[in-house]
Amino acid sequence: MKSPKRASGATTPKGGAKPKNGAGSNIAPLNDRERVQLFADMVQIREFEEQVHRSYLEGLVHGTTHLCQGQEAVSVGAAKALRDDDYVTYTYRGHGHCIARGMQMEPAFAELFGRATGVCGGLGGSMHLQDIDRGLIGSFGIVGAGLPVAGGAGVTAQMNGRGQVSMVFFGDGACNIGAFHEALNIAQVWKLPVLFVCENNLYGEFTRIEHTTPFEDLVKRARGYDMDAVMVDGNDVEAVYRAIAPAVARARDGGGPTFVECKTYRHRGHSRTDPAKYRPQEELEAWLKRDPIDLYRAKLAKSGVLSEKDAAKIVDKARDAAGAAAKRAAAAAWPDGNQNFTAKMFA
Amino acid sequence: MPVQEMTYREAILAAQTEEMRRDPKIIIMGEDIGPSGGPFKTCQGMYEEFGALRVRDTPIAETGFVGAALGMALTGYRPIAEIMFADFLGVCFDQIVNGIAKHRFMSGAQSTVPLVIRSIGGGGLRFGAQHSQTGESWMLSVPGLKIVCPSSPAEAYGMLKSAIRDDNPVLVLEHKALLSSKGNVDIGMDHLEPLTGPKVLRPGKDATIVASLNMVGRALGAADKLSAEGIDAEVIDIRSLRPMVIGPIVESVRKTNLLVVVEEQVQVGGWGAEVVSQVVSEAFDYLDAPPARVTLPDYPLPYSPALEDAALPSPDSIAAAVKSLI
Amino acid sequence: MDFVVPKLSATMETATVLKWLKKPGERVKLGEPLVEIETDKAAIEVEAPADATLATIIAPEGAKVPIGAMLATLDAVGGPAPAPVSAPAAAKPAKPIPAAPSAPSVSAAPAGPTPVPSLQRGAPIPPRVLASPLARRLARESGIEIAALTGSGPHGRVRKRDVVARAGAQGAAVRLRTAEIARPATWSGGEALSAMRARIAETVTVSRRTIPSFALDRWVETTALREARKDLGAQIERETGVKVTVTDMLLQALADTLRGQPEMLERLVEAGGQMRREGGGAVDIGLVVALDDGMMIPVLRDLGDKSLGKIARARRDAVARVRAGRLIASDTAPAPISLSNLGTGGADRFEAIINPGQSSILAIGREHERVIAKGGWPTVAPGFHLTLSVDHRLIDGVRGARFIGALADRIEFGPWTAA
């Protein structure tokens, strides 16, 4: 248990996956092509978020938005363990999860810009990206609200009997709200195939975790429900994958839910208007040194899987693609004020 | 198809059971609804027939299982959530108002949300303030939700079937004082009642009385009292609060020139205000007196029997309201 | 909902859309005029069948459309359009140009707003009459001044029953529609005209402007008429409960004479810019009924071979309807002639104004004694003036003189029978 007053240094997680029942041994190792793809996926999310940042400064993104730079390894590592017919629920910091599951950048930008070509026709906005055909069933603006919904998708998966799972992403702040507790309890009691993936970035909005929660390792919450729980370094994409994949496999097999705590950190503030001055400089710098993309880039270079030159090409390509997608999205039309809104509400 | 006399409770049970036989995607969840058949016996025998996967006893966790209903509806199932007391809608308010009601719209119509929330509410049975609300006005200002109020066994049967078959979220507000009331129900797999539209239950020409749920019977009682005094009142069951269809009520007021709305709600924020507002707008030149409302007093419903009875609109108080306009 | 071309007369087959009175997107109220159409007989305003928004105009101005064709689509307000409860007709019955007066049922929309004094800054706020919206509308439609009523409701509020009670004593308003004549100018200074007064002003102005008339005069002795009224009147009253009046007897005499000279039943009708004479109709006679600040002329139908008792009953019923403001369709049918009996008034004779759409009008002056010559000897006899005004475009002097002579004979010599 770390000292709650510690202000500097990264929280060092207790190492890799610790699955119960030893199911981890069944997960096939990743090949080089897959590794490069993991890197490219993280880069794409990063470039998308950086472009959102730039577009916001240009006045193209309205209201506010919640960026996830620094947390890409969680989205990408988790997505790697999923099938096309699995369900994913996420939060208002959800761009990364959507891109990781294959949402196209242009309609995503268009949604943030409020255009008619946005994934939700401009009706949802940054906090509500959704793509039901990719199993991205909903993004919830109310903290914790998605967990019971993910439980429901878990019931569906259980009823369908095809081995589907329901994965839900949420932050450390959600672990204190009623919906969280009810969802974990029901999932455990009904043995639902739900993966509760907690992105513990140490801050619930502007408040550091020790002020709101009795402990920093949120796996303890899950164990309170007698649920299998795993803690993992959320900035190591392969570690995330190796932690989640066995839990997913067990859920597919009827083994019930798992809580996966990913220790991570967000580079930017809570939302666009937050300069995050409440975070100690040393803490921020220590975590920036553990940037998941830099870490993986170095690892792949060291093991000869991806040269620096090729990595740089991937980054440039992603940056250009994001820029182009944003440009196209910015040229799109506004939604029709005379459209049939009732039909958008009722089927 | 046979017309049977049955209770409101039996009508609910019949509708649910028939629909679950028809469509394997329908799942029902709620507290104590499994082997116990539900605290109000509205699910009697369903657990035995459909099993634990389709008839799910939930923990006491309205947010948890109403949220789960949304998740199931988004992924191809058609859940029914039974809320034991309408007052508990307050517990899962966020899941309903911010989640269920808004989900399809925010997604740009990607999602369809075919779910039913049934709550059993209402006063008059001495359950006290936290177990006696009907739930009618709490979600009135939430677009994206349908709200219906069955006042008889036939409506309970037919509207519940329609609600289950509707591809949108429907809040069915049942009334516990009506559970044992009897009425004729035309049983049949496809015998549906529409989810919108008021119905004239008793035609008349001297005054229009609009009511819902348990107040419908009291309004009819008031009409009987009035007719003994030579006043011929028309009684309308509003049936559906969202969407609210005002046409037949306007038509009635054009004929009678007088309007009384009876609600088991407090005055401020009660749905009757919306009825009055729309009628004044549509039938202004036909009103011979200001519309009147008969509502609960503006404090929580008291427990003690005489106090509770005095608080609820009665045939006498409704008749007096009509006479005050004549 | 569909807004279609109504059938406004037996002979109507098509109509031409003259003028849309609303634009798409504008709201209309039940009974409010929505479009002007021209039929074979007249230009008529067609009223909206429900409270609605005009959605799409399908027949534009100038279009010629058959009966039942779509004129426009309306979006009924508040869900599916309810069937109108008080069922005013979608359009008034056809009238020749210039239109004859036609009266609405009480629940139809008013012809126009009663002018309201404008409120200038600093001007004292005029005292407000307390009245229910329904009472205001009924008063407006009936031409009753609401400020003159005492209200039976709370705070002295005037209510429907108060207006109805007054209408029963006084009668309802006349509505006149014509496509060609401009509405009368708002009178400045003094008080504005009530709706009924304005309509009468319009009617008589049209008549004087468009009908070249001349008058024929004849004094008739009423001795025989008086006798007959005493005898037959008692008998008829015993049998039917209806009191026979001089007017009833005049109506019978007039009907008889018209039967004998059917060319007096002709009317001049303007259709498509042409004048045509229309004859062969039944013996329909309008009866001028006086009201508080105006009058109304219900038409008594088919008096040609009606008994005195039947005529008396028809007259009584029509007058009652007029006074209650509840005219029926036949009251506003076209007619060739009207009767205006001021026999109990102060004028020896007067020349009535022909009702537009009709061809003549018979005015009855004061009944009084006079010295006359009979068989060369002076004698005193009761009687009154008949003054017949006729439309010279149709009726020349010879015909008019022949008619009034025949009528005079009929009145003086009978036969007066109850049958």
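Residues numbered from 1 in each chain as written. Chains lettered and ligands numbered in written order. Predicted model: local features only at pLDDT ≥ 70, side-chain atom pairs only at ≥ 80, totals over all residues.

(A) Summary view of the overall build of chain A. Looking only at helices and strands, chain A features 12 helices and 8 strands. The contacts of chain A with a sequence gap of at least 6 include a subset with a gap of at least 24, amounting to 78%. (Helix = DSSP H or I, 4+ residues; strand = E, 2+ residues; numbered from the N terminus. Contact = placed C-beta atoms within 7 Å.)

(B) Spatial organisation of the overall build of chain C. Check the secondary structure of chain C and you find 7 helices and 19 strands. Counting the 419 residues in chain C, one finds 42% classified as buried. Contacts in chain C between residues far apart in sequence, at least 24 positions, make up 66% of those at least 6 positions apart. (Buried ≥ 20, exposed ≤ 12 C-beta atoms within 10 Å, placed from the backbone.)

(C) Representation of the sheet that holds strand S7 (residues 64–66) of chain C. All names here are of chain C. Strands sit in the order S5-S4-S2-S7 across an open sheet of 4 strands; the sheet is antiparallel. Because the sheet does not close on itself, it has two edges, and the strands there are strand S5 (43–47) and S7. Each adjacent strand pair in this sheet contributes to an overall mean axis angle of 40 degrees, direction not counted. As judged from the 3 bridges shared by strand S2 (residues 14–20) and S7, these two strands associate in the antiparallel manner. (Pairing = 2+ DSSP bridges. Axes fitted to C-alpha atoms, helices over the stretch in contact; angles between N-to-C directions.)

(D) Representation of the confidence of the model for chain C. All names here are of chain C. Confidence in the prediction for chain C averages 80 pLDDT; 81% of positions are at 70 or higher. Note on residues 79–120: pLDDT under 50 across the span, and 117 contacts to partners over four residues away in sequence or across chains. Counted against residues more than four places away or in other chains, residues 171–184, with its pLDDT under 50, gives 51 contacts. Here the prediction assigns the complex a pTM of 0.66, and the interface score ipTM is 0.91. (pLDDT = per-residue confidence, 0-100.)

(E) Up close: the interface of chain B and chain A. Every contact between the two is made by 35 residues of chain B and, on the other side, 34 residues of chain A. Within the residue set of the side of chain B that touches chain A, elements represented by two or more residues are helix H3 (62–74) and helix H4 (93–106) of chain B. Considering every element that reaches the side of chain B that touches chain A, the biggest residue donor is H3(B), with 10 residues. Looking at the side of chain B that touches chain A, its residues break down into 14 nonpolar, 18 polar and 3 charged. (Nonpolar A, V, L, I, M, F, W, Y, C, P; charged D, E, K, R; others polar.)

(F) Examining the packing of helix H1 (residues 32–57) of chain A against helix H11 (residues 308–330) of chain A more closely. Residue and element names in this part refer to chain A. Where H1 contacts H11, the axes come no closer than 9 Å and their chain directions differ by 40 degrees. Comparing their axes, H11 and H1 come out oblique. Crossing handedness for the pair H1 and H11: right-handed. Every residue of H11 that contacts H1 at Phe 39, Ala 40, Val 43, Gln 44, Glu 47, Phe 48, Gln 51 and Ser 55 is listed here: Ile 314, Val 315, Ala 318, Arg 319, Ala 322, Gly 323 and Ala 326. For the contact of H1 with H11, the per-class residue count stands at 9 nonpolar, 4 polar and 2 charged. (Parallel < 35°, antiparallel > 145°, perpendicular 65-115°, else oblique. Left-handed = near helix turned anticlockwise from the far one by under 90°.)

(G) Layout of the sheet that holds strand S3 (residues 27–28) of chain C. Residue and element names in this part refer to chain C. If you walk across this open sheet you meet the 4 strands as S1-S8-S6-S3, and the pairing is antiparallel. If you trace the sheet from one side to the other, it starts and ends with strand S1 (2–4) and S3, each paired once. Direction of pairing for S1 relative to strand S8 (residues 70–76): antiparallel, over a ladder of 3 bridges. In the strand pairing of S8, Phe 3 is matched with Ala 72.

(H) Spotlight on the pairing of strand S5 (residues 116–121) of chain B. Residues and elements named next belong to chain B. Taking burial as the measure, the 6 residues of S5 include 6 buried ones, the bulk of the element. Side-chain alternation along S5 places Val 116, Arg 118 and Ile 120 on one buried face and Ile 117, Ser 119 and Gly 121 on a second face that is also buried. In terms of strand pairing, strand S4 (residues 78–83) meets S5 through 4 bridges, oriented parallel. Its bridge partner being in S5, Ala 81 is matched across the sheet by Ile 117. Remark: the S4/H4/S5 crossover connection has right-handed handedness. With 6 bridges connecting them, S5 and strand S7 (residues 170–175) associate as parallel partners. Its bridge partner lying in S7, Gly 121 is registered against His 175. (Right-handed = clockwise from strand over helix to strand, strands pointing away.)

(I) The arrangement of unusual backbone geometry in detail. In the segment running from Arg242(B) into Pro243(B), the intervening peptide bond is cis, with an omega of -10 degrees. Counting through the fold element by element, Pro243(B) comes out in the loop between strand S12 (240–242) and helix H7 (247–256). The amide bond that connects Gly414(C) to the next residue, Pro415(C), takes the cis arrangement and shows omega of 10 degrees. Within the secondary structure layout, Pro415(C) lies in the segment after helix H7 (397–413). With a phi angle near 55 degrees, Lys191(A) is a residue other than glycine that sits in the positive phi range. Taking the number of C-beta atoms within 10 Å as the measure of exposure, Lys191(A) has 14 and is therefore partly exposed. Not every positive phi belongs to a glycine, and Lys41(B) is a case in point at roughly 60 degrees.

(J) Quick look at the packing of helix H1 (residues 8–22) of chain B against helix H5 (residues 153–165) of chain B. All names here are of chain B. Packing of H1 against H5 brings their axes to within 8 Å, and their N-to-C directions diverge by 25 degrees. Here H5 runs roughly parallel to H1, going by the angle between their axes. The way H1 lies across H5 gives a crossing that is right-handed. Side by side, H1 and H5 meet where Tyr 8, Ala 11, Ile 12, Ala 14, Ala 15, Gln 16 and Glu 19 of the first sit next to Pro 153, Ala 156, Tyr 157, Leu 160, Lys 161 and Ile 164 of the second. Grouping the amino acids of the contact of H1 with H5 by side-chain chemistry returns 10 nonpolar, 1 polar and 2 charged.

(K) Layout of helix H6 (residues 178–190) of chain A. If you check H6(A), its first and last C-alpha atoms are 18 Å apart, about what 13 residues at 1.5 Å a residue would give, namely 18 Å. Where H6(A) is concerned, the buried positions are Ala179(A), Phe180(A), Glu182(A), Ala183(A), Leu184(A), Ile186(A), Ala187(A) and Trp190(A). Against helix H5 (146–160), strand S4 (194–200) and helix H7 (219–223) of chain A together with H3 of chain B lie the buried residues of H6(A). (Expected span 1.5 Å × (residues − 1).)

(L) A look at the environment of Ala169(C). Residues and elements named next belong to chain C. In this structure, Ala 169 sits in helix H2 (residues 160–170). For Ala 169, a count of 11 C-beta atoms within 10 Å corresponds to the exposed category. Between the C-alpha atoms of Ala 169 and Leu 291, which are 122 residues apart in sequence, the distance is 8.9 Å.

(M) Spatial organisation of the confidence of the model for chain A. Across chain A, pLDDT averages 91, with 93% of residues at or above 70. Every residue in residues 1–24 of chain A is under pLDDT 50, and counting partners more than four places away or in other chains gives 46 contacts.

(N) How the structure looks around the nonpolar core. Formed by 208 residues in total, the largest nonpolar core has its most connected members in Leu195(A), Val197(A), Ile244(A), Val260(A) and Ile209(B). It is helix H8 (residues 237–252) of chain A that contributes the most residues to this core, 9 residues altogether. Grouped together as the second largest cluster of nonpolar side chains are 53 residues, Ala255(C), Leu342(C), Leu386(C) and Leu407(C) included. (Core = buried A, V, L, I, M, F, W, Y, C linked by C-beta atoms within 7 Å.)

(O) Molecular detail of the environment of Thr112(B). Along the chain, Thr112(B) turns up in the loop between H4 and S5. Sequence spacing of Thr112(B) and Leu70(B) is 42 residues, and the spatial spacing of their C-alpha atoms is 9.9 Å. The contacts of Thr112(B), once residues within four sequence positions are left out, are Ala347(A), Arg104(B) and Asp167(B).

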